[in-house]
Amino acid sequence: MKYFLVLFIFPLHLFSQNTIGLPDVTNYTKQQYSAGLQNWDIKQDRNGIIYAANNEGLLSFDGKNWNLYPLPNKTIVRSVEIGFDNRIYVGGQDELGYFAPSENGQLIYQSLTSLLSSKEKAFGDAWDIVSFGNSIFIRSTSKIFRYSNNKMVSFNATSEWGYLGICNGKLLAHDFKTGLLSFENDVWATIPIKNELPANEPVTAIIGLENDSAIVTTLKHGLFLLTNTAITKINSLNNPLFESDRIFAALKINKDWLAIATNNSGIYIIDHAGSIIQSFSKKEGLQNNNVLSILLDKQQNLWLGLDNGIDLIAYNSAIKQINPSQLDGSGYTAIIYKNDLYLGTTNGLFCAPLPAITDLSFAKASFTPVTNTKGQTWGLSSINNQLFLGQHDGGSIIENKQPISISPNIGYWNFVPLSNTFPASKMIAGTYKGIEIFDFLSGRFILTKKIDGFEESARFIAIDKNENIWVSHPYHGVFKITKNNAGNYTTENYTDKQGLPSTLNNHVYKLKNEIVVATEKGVYTFREDKNIFEPSVFYKKILGDQSIRYLKEDAQGNIWFMHEKMLGVIDFGGKEPMVITLPELNNKMLSGFEFIYPVNNNNIFIGGEKGFYHLNYEKYKQTTTNLQVQIRKVKTVGKTEAILFGGYADELSKNIAALSNGWKTIQFQFSTALFGNMSNLQYSYRLKGFDETWSQWSEKTEKEYTNLPAGSFSFDVKVRNNLGKESPIATYSFKVLPLWYQTNVAKLLYIMLFGFILWGLYKWQQKKFKTQQLKFEVEQLKLEEEQKKILYIKELELNKTEGELIILKNEKLEAEINFKNAELASSAMHLVKKGELLSKSKTELAHVMKGMDNPQAITEVKKMIKNLSEDDKMDKEWETFSKHFDTVHSDFLTALKNTHTNITGNEMKLCAYLRMNLSTKEIAQLMNISARGVEIGRYRLRKKLQLEKEMSLFDYLIKIKSEK
């Protein structure tokens, strides 16, 4: 009866409390890793890859991909160990062996059962594998095998082997009958100590402590202490609980704490006295409470092999979630007041007591709701050592963990002291509809007035050094509320017209004693001298012009900010400000209602969509992990896929893959085994020989290249975390062989073929040239004959054409001469008519004169007759006529004068008129003589020209030509 009281009463008192902060738990289901339900053992190799002994084979996980490697007989894998030789040893049912990388990095299984005698092969399940020295030890219930130098030696159990492991540098085993044994000098020797272990009780773990002592965990009887003299029961009030929950495995977390895995209640984190520090069960996020195996990896994460699934507890994470099982709703506000932690959520106000410890996430406490505070909680403020609560239902003061209303109104966002002194004489409250002012009277704040003329929702409030009130509304801009000398308040609105980038999405804060606004274009500061906002040069240099929605200054002067859904901090702890992002919290905070409560560097509370998060910022910055990126797979894709590298590098194998034709794409997969912090990682890569520049940092874990040319290449990849630390470069080198038609042999054949073609072309061209030459000669002869004919025809045609041209030319000249002659004839006839007119006029005047009696009139008529008889004008007309005549008749008169120098002027006129073939009468009129005078002139002219009788005067004159 006493046993049951201990078992059932004490747990209710001792184990109802857990730490308020719990790390994230990642669940890997059977469907995710695509293998069997149960996972019996978990180990990690030197590259950080996780291996699990699964019902369906060996599971491996590199942080990105799960891979399953079944054993040849498809047996359950019960145990796994990374050997001293870096081989992966596994034990199954009647099966022993190891996985090792082949030349191309793929894991290949090598069985060791062939080293056993036929009687030893039916050994059952291999439950434990331990690498000790240069040997591998494997435990089944009946035998322990030692594998060394490719030989297998077996050790039989006295009754039954129940445990095998290493403690304080010694290899220990437990036999149900013999007790604890140590492997020394190649034999198992009993440890001669007092043993309080119950008979036939399986030992599940022996964990070394200082002074060569150890804690021994048993399946059904809890914890024992191993010393040099005895194994004794640990006097812990929790032993009944451990006995009930059945301890299946255990390991050391640090020098003070252990983790024990149970079959019924998940795991417990305990100290050496058996006191429970933390517990993780299905309530805290595990898939189930039956934990078969446990591993502490290199980053101090806890891996749990479950009866159904695998869980990862980011135990060493600096970020923990405030117990979500006790808090219901999203987190909006938090404050520590009188050693109590108050958290405001969508469903009310909760409170938990805090012990005096550095990291408050390890406080063991339970959150209890504060009475009468159910509903949406917006803000908590401690002013003059009094705690104020703003809720949708109204504003109140918390006294003795009870709310007392301080206003009949509803809708209170926050409470802010109006003065910078302590105690504050005034306090303002931001409400749904403006701002209320409280005066501190007789030790209490009393509502005295509401600021008139300001009805905006006042969720964002800041007080400047002059005690002006700044309020921002996400849709209406920024407001400055100033108190004048009369005690009244005036309001001024600032929008894009006063320097802000927009009227929308502006949030006002006070940082480093100045008013700033977080905007869609970065941080803006207020210029009091210009009464406008301007982009902050300081913050622009650090944050650029990216959108900022939330700003918070902590006690160390660091600036916490929100960019879209990413949380970051401007850390001023170094020589230069440094921006650190926290990708673990991306998309986990309340968008538009972000809240950060920095108590100190070890305790920062952050409101989230599911309660609150606790950040140990000091630990976060000091977390140093040796980053290591691994190339996990290299394969080519074409008509079929081919794996060039399987991801498991053998240090002795440095063969460079050579790719022949038949592939189109080569794909590289890479990852980093940094479990629990995968969101912090970014990768950069390059392909030397193709692209010498590094790619942009991204979260991509694979890269493909298509249709690479022939040559040698090296794929390089590196990883960095959010603190700016980079890993060494991982490299995979390979060659792309030329296609068959690009090889040297093919090129030689091309040269020979080209030479043969050239020779053939030369011979063919030579033959063709001779044939064409003969043909050319024949054609040349024909062509010459044809040319002769053509020339002859052309000459005939040319002669004909020339003759026609001459005829045409002569005809043209004759026409021109006839035209000119016609003109001369017309001119001559004009002279004739003129002469006739003058002659007639003189005759008429003479006749008139005879009938006159007036002597003076007679005298005048005589003068007229005399004037008509003058020859001057006639001479001038002859000169003009002679010029035209010479032009038409090829300088006939000039030639005549040159030939017959003694010829007179009248004779030349006669020759001209004769050449014009004028009649005697026409000539007589032109020369103003009688026809007889013309005949006499012709006769005299023949004598002067010395013409023969048979020579016609006209013909002779026609033949006279100028020397031109």
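In this convention, every chain numbers its residues from 1, walking through the sequence in written order. It should be noted that, the model being predicted, local features are given only for residues of pLDDT at least 70 and side-chain atom pairs only at 80 or more, the latter also being counted only at that level, while totals for whole chains, interfaces and linings use all residues. Water and hydrogen atoms play no part in the side-chain values, which are based on all heavy atoms of the structure.

*Asks:* Where do I start with the overall build of the protein in this structure?
*Replies:* Within the protein, the regular secondary structure consists of 13 helices and 68 strands. In terms of principal-axis extent, the alpha carbons of the protein reach across some 200 × 105 × 40 Å. Classification of residues uses two cut-offs on accessible area relative to the type maximum, computed with a 1.4 Å probe and protein chains only: under 20% is buried, over 50% is exposed, and between them is partly exposed. When each of the 964 residues of the protein is scored for burial, the buried share is 46%. Within the protein, residue pairs in contact and separated by at least 24 positions form 50% of the contacts whose partners lie at least 6 positions apart. Per-residue accessibility takes into account occlusion by the displayed protein chains alone, with areas from the Shrake-Rupley method and a 1.4 Å probe. For the protein, the accessible area works out to roughly 49,700 Å², and carbon and sulfur atoms hold 52% of it. When the 108 basic and 100 acidic side-chain charges of the protein are each reduced to a single mean position, those positions are 5 Å apart. Each helix is a run of DSSP H or I of at least 4 residues and each strand a run of E of at least 2, with the numbering of both proceeding from the N terminus. Whether two residues are in contact is decided by their heavy atoms, any of which lying within 4.5 Å being enough. None of His or the chain ends enter the tally, which takes Lys and Arg as positive and Asp and Glu as negative. The location of each charge is read from NZ of Lys, CZ of Arg, CG of Asp or CD of Glu.

*Asks:* Honestly, the packing of helix 10 (residues 905-915) against helix 11 (residues 920-927) in this entry has me stumped. Any pointers?
*Replies:* When two helices pack together, their arrangement is given by the angle between their axes and by how far apart the axes lie. Lines are fitted to the C-alpha atoms to define the axes, a helix being fitted only along its stretch in contact, and any angle between axes, read from their N-to-C directions, falls within 0 to 180 degrees. As a packed pair, helix 10 and helix 11 sit with axes 10 Å apart at the nearest point and diverge in direction by 145°. Helix 11 is crossed by helix 10, and the crossing has right-handed handedness. For the pair helix 10 and helix 11, contact is made by Asn906, Leu910, Tyr913 and Leu914 and by Ile923, Leu926 and Met927, respectively. Two helices cross in a left-handed way if the nearer one is turned anticlockwise from the farther one by less than a right angle. They cross in a right-handed way if the turn is clockwise.

*Asks:* How should the packing of helix 9 (residues 892-899) against helix 10 be read in this particular structure?
*Replies:* Where helix 9 contacts helix 10, the axes come no closer than 11 Å and their chain directions differ by 130°. Taken together, helix 9 and helix 10 sit at an angle that is classed as oblique. Relative to helix 10, the crossing made by helix 9 is right-handed. Only Met908, Cys911, Ala912 and Arg915 of helix 10 make contact with helix 9, whose side of the interface consists of Phe892, Leu893, Leu896 and Lys897. Here is the rule for angles: anything less than 35 degrees is roughly parallel, anything more than 145 is roughly antiparallel, 65 through 115 is roughly perpendicular, and the remaining ranges are oblique.

*Asks:* Any chance you could explain empty space enclosed by the protein here in plain terms?
*Replies:* The rolling of a water-molecule-sized probe over the atoms marks out the regions of remaining empty space. Think of a 1 Å grid over the protein atoms and nothing else: a 1.4 Å probe that fits but is trapped marks a cavity, an open set flanked by protein within 12 Å on at least five of seven lines marks a pocket, and residues with an atom within 4 Å of a point count as lining. Grid points are joined across faces, edges and corners, and a volume is the space filled by probe spheres set on the points. Tallied over the full model, the rule gives 2 cavities of 30 Å³ or more. Taken as a whole, the second largest cavity holds about 30 Å³ of empty space. Lining of the second largest cavity is provided by Lys521, Gly522, Val523, Pro535, Lys540, Gly544 and Asp545. Here the nonpolar group is Ala, Val, Leu, Ile, Met, Phe, Trp, Tyr, Cys and Pro; Asp, Glu, Lys and Arg are the charged ones; every other residue, Gly included, is treated as polar. Split by residue class, the lining of the second largest cavity holds 2 nonpolar, 2 polar and 3 charged.

*Asks:* Just to check I follow, could you spell out the pattern of salt bridges for this structure?
*Replies:* When charged atoms on two side chains of opposite charge get close, those side chains can pair. By salt bridge we mean one thing: a side-chain nitrogen of Lys or Arg within 4 Å of a carboxyl oxygen of Asp or Glu. Within the structure shown, the criterion is met by 23 salt bridges. One salt bridge connects Arg549 with Glu594, and the closest N-O pair in it is separated by 2.6 Å. Of this pair, Arg549 sits in the loop between helix 4 (537-543) and strand 54 (550-553) while Glu594 sits in the loop between strand 57 (578-581) and strand 58 (596-600), and the two are 45 residues apart along the sequence. Overall, Glu594 belongs to the buried group, its relative accessible area being 9%. Overlapping salt bridges, with partners in common, bring together Arg527, Asp529, Lys530 and Glu534 in one network.

*Asks:* Explain a nonpolar patch on the surface here, please?
*Replies:* On the surface, Leu753, Phe754, Phe756, Ile757, Leu758, Trp759, Leu761 and Trp764 cluster together into a nonpolar patch covering about 900 Å² of accessible area. If you trace the backbone, Phe756 turns up in helix 6 (residues 744-850). The class for Phe756 is exposed, based on a relative accessible area of 56%. Each patch is built from residues that are more than 30% exposed by relative accessible area and take part in no salt bridge. Like charges join if they lie within 9 Å; nonpolar side chains (Val, Leu, Ile, Met, Phe, Trp, Tyr) join within 5 Å.

*Asks:* Is there a simple way to explain unusual backbone geometry in this structure?
*Replies:* Here the residue pair Phe422 and Pro423 is connected by a cis peptide bond, since its omega of -5° sits within 30 degrees of zero. Relative to the assigned elements, Pro423 resides in the loop between strand 42 (412-417) and strand 43 (426-431). The phi dihedral of Asn149 falls on the positive side, at around 55°, and the residue is not glycine. In this fold, Asn149 is placed in the loop between strand 14 (143-148) and strand 15 (151-156). We classify Asn149 as exposed; its relative accessible area is 71%. Positive phi, close to 60°, is recorded for Asp212, a residue that is not glycine. Looking at where Asp212 falls in the secondary structure, it is placed in the loop between strand 21 (203-208) and strand 22 (214-218).

*Asks:* What should I look at first to understand the sheet that holds strand 18 (residues 179-184) in this one?
*Replies:* Pairing between sheet strands relies on hydrogen bonds along the backbone, with the strands arranged either parallel or antiparallel. At least two DSSP bridges between two strands are required for those strands to pair. Pairing within the open sheet is antiparallel, and its 4 strands lie in the order 16-17-18-19. Because the sheet does not close on itself, it has two edges, and the strands there are strand 16 (161-167) and strand 19 (187-190). Averaged over all pairs of adjacent strands, the angle between their axes in this sheet comes to 30°, without regard to strand direction. Taken together, the 4 bridges between strand 17 (residues 170-175) and strand 18 define a ladder with antiparallel strand orientation. Residue pairing for strand 18: Asp175 is matched across the bridge by Gly179.

*Asks:* What am I meant to see in the packing of aromatic side chains here?
*Replies:* The description of an aromatic ring pair uses the distance of the two centres, along with the angle that the planes make with each other. What counts as a ring pair is set by centres within 6.5 Å for rings of Phe, Tyr and Trp (its six-membered ring), and what kind of pair is set by the plane angle: stacked under 30 degrees, edge-to-face over 60, tilted for all other angles. Under the counting rule described, the total for this entry stands at 61 aromatic pairs. Ring geometry for Trp560 versus Tyr617: centroids 5.1 Å apart, planes at 65°, classification edge-to-face. Placement of Trp560 in strand 55 (residues 559-563) and of Tyr617 in helix 5 (residues 617-622) is noted, with a sequence separation of 57 residues between them. Grouping residues by exposure puts Trp560 and Tyr617 together as buried. Arranged with centres 5.4 Å apart and planes meeting at 55°, the rings of Phe670 and Tyr683 form a pair that is tilted.

*Asks:* Mind showing me how you'd approach the nonpolar core here?
*Replies:* Core analysis: the biggest nonpolar cluster contains 42 residues, and Trp470, Phe533, Leu551, Trp560, Leu567 and Leu615 have the highest contact counts within it. Those residues within four positions of Leu615 in sequence are excluded, and the remaining contacts are Ala318, Ile319, Trp560, Leu582, Asn602, Asn603, Ile604, Ile606 and Tyr620. Joining through side-chain atoms within 4.5 Å is the link that ties buried Ala, Val, Leu, Ile, Met, Phe, Trp, Tyr and Cys residues into a set, and such a set is a nonpolar core.

*Asks:* Please clarify how the environment of Leu296 should be interpreted in this entry.
*Replies:* Tracing the sequence through the fold places Leu296 in strand 29 (residues 291-296). In this view, Leu296 contacts Leu251, Lys252, Ile253, Asn301 and Leu302; residues no more than four positions away in its chain are not counted.

*Asks:* Whenever I open this one, the side chain of Asp439 confuses me. Can you help?
*Replies:* Secondary-structure assignment places Asp439 in strand 44 (residues 434-441). Overall, Asp439 belongs to the buried group, its relative accessible area being 16%. Setting aside anything within four residues of it in sequence, one finds Asp439 in contact with Ser425, Lys426, Arg444, Phe445, Ile446 and Thr448.

*Asks:* Would you explain helix 9 in this entry?
*Replies:* For an α-helix, the turn length of 3.6 residues means that residues three or four places apart are oriented alike. Among the residues of helix 9, those classed as buried are Phe892, Leu893, Ala895 and Leu896. Looking down the long axis of helix 9, one finds its buried residues gathered within 160° of arc, a one-sided arrangement. It is the directions from the helix axis to the C-beta atoms that the arc portrays.

*Asks:* Sorry, what's going on with the confidence of the model for the protein here?
*Replies:* Detailed reading of the predicted coordinates is not advisable wherever pLDDT falls low. Per residue, pLDDT captures the predictor's confidence, and it can take any value from 0 to 100. Averaged over every residue, the pLDDT of the protein is 87; residues scoring 70 or more account for 92%. The model gives residues 1-16 a pLDDT under 50, and that stretch makes 17 contacts with residues more than four places away or in other chains.

*Asks:* What is the right way to look at the sheet that holds strand 41 (residues 402-405) in this model?
*Replies:* Read from one edge to the other, the open sheet built from 4 strands follows the order 38-39-40-41, with strand pairing classed as antiparallel. Two strands lie at the open edges of the sheet, namely strand 38 (377-383) and strand 41, each paired on one side alone. Put simply, the sheet's adjacent strands are angled 30° from each other on average, direction ignored.

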